[in-house]
Amino acid sequence: MDYKPYAWAEVRGCHIPLPLYVSIELERDDKMTTEKLILDGNRVAADIKESLLFRINRLSAKGIIPCLATILVGDDPSSATYVRMKGNACQRLGIQSIRVVLPTNTSTDELIAVISKLNADPNVHGILLQHPVPKQIDERAAFEAINIEKDVDGVTTLGFAQNAFGLADFPSCTPAAIVAILDYYNISIEGKHAVVIGRSPILGKPVSLMLLNKNATVTTCHSKTTNLVDVVRLGDIVVAAVGKPKFVQGDWIKPGAVVLDAGYNVGNIGDVDYDACLKRASAITPVPAGVGPVTIATLLKHTVEAAEKLEQQQIIQ
Ligand SMILES: Nc1nc(=O)c2c([nH]1)NC[C@@H]1CN(c3ccc(C(=O)N[C@@H](CCC(=O)O)C(=O)O)cc3)C=[N+]21
């Protein structure tokens, strides 16, 4: 593992990582505490990946190498970077990665043909179609073509519906990462007012459902929301999933709220004005090193779980 935590403490002979706190200078009219918890995505990701090592080794010893196929259509440089990061993360852990890159002018039928081949390949356990795809492609139709057993990013209608019922094997990776960060830091969700900004099919909508299933009171905001700022100010937990750099302003944040920034705008800029929101939040994810690395770790976890499920089916047969 190439990641080093910031500090360790010894508790009854066990070495445990310490949370990273920062103290910041407060403005005069700011009545907030100075202790801020930086939600360290690299650390959560390292924890998830470490928990996979044994499982990957065990599968490999039985001749099953967990395998993720990523599909990138077009040559968008940042999409290419994310897909490369996913493939590299697989390889570092002993997960096989198949990277399919298709030209920008690929048709829906051609893309579905590629997905069908990967569906039929018994050595492929997970399929990730990188969003967005070029505009001539019917992205929904392409997502639907992924076999439910291999839908490690919860993009199919059935995968989404299972998540809505709280029954998904593989909820979408970024929503699952957001919940994993809250869980890792023991931030309770139940009874909290969670405000999600954004309603996309693989981020805003599924994370709203996941928080609802964890007994939060959820408000999902979007481009047509009136008085957005007033709504965000109600949030004990604020999830930014808009796709606009530094969209969420510091004075939108209720003092003491927990802020999760799922933005990944060009130049590694989040959807949250981090410095301003840090002043009011009690806990916040940075960009980079927040939700992003946990998304990738979650994808790896789902791929290993898909391989384990296949193994179980083979044992039963
Ligand atoms: N079907 C689908 N599923 C996705 O989960 C999906 C997708 N499509 N399309 C694109 C977005 C974007 N995304 C990121 C994942 C990790 C980082 C990440 O780890 N970023 C690093 C920094 C990146 C760098 O160093 O360049 C960080 O935040 O620390 C960012 C962005 C997943 N996405």
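Residues numbered from 1 in each chain as written. Predicted model: local features only at pLDDT ≥ 70, side-chain atom pairs only at ≥ 80, totals over all residues. Heavy atoms only, no water.

Per an unreviewed UniProt entry, the protein is named Bifunctional protein FolD, and its organism is Cohnella lupini. Recorded in UniProt under Subunit (unreviewed entry), the annotation for the protein is "Homodimer." For the protein, the Sequence similarities (unreviewed entry) comment in UniProt is given as "Belongs to the tetrahydrofolate dehydrogenase/cyclohydrolase family." (UniProt positions renumbered as here; feature names shortened; annotations may be inferred.)

A. Examining the domain arrangement of the protein more closely. For the protein, the assigned domains read domain 1 (64-147) and domain 2 (173-294). For domain 1 versus domain 2, the separation of C-alpha centres amounts to 27 Å. (Domains from an automatic or database assignment.)

B. Spotlight on the side chain of His302. On the secondary structure map, His302 appears in helix α10 (residues 291-316). With near-sequence residues (within four places) excluded, His302 lies in contact with Val152, Asp169, Phe170, Pro171 and Cys173. (Helix = DSSP H or I, 4+ residues; strand = E, 2+ residues; numbered from the N terminus. Contact = heavy atoms within 4.5 Å.)

C. Region of the structure containing the packing of helix α6 (residues 173-184) against helix α7 (residues 204-213). In the contact formed by α6 and α7, the axes pass within 8 Å of each other and the chain directions differ by 40°. Here α6 lies oblique to α7, going by the angle between them. At the point where α6 passes α7, the crossing takes the right-handed sense. On α7, the residues touching Pro175, Ala176, Ile178, Val179 and Leu182 of α6 are Pro206, Val207, Met210 and Leu211. (Axes fitted to C-alpha atoms, helices over the stretch in contact; angles between N-to-C directions. Parallel < 35°, antiparallel > 145°, perpendicular 65-115°, else oblique. Left-handed = near helix turned anticlockwise from the far one by under 90°.)

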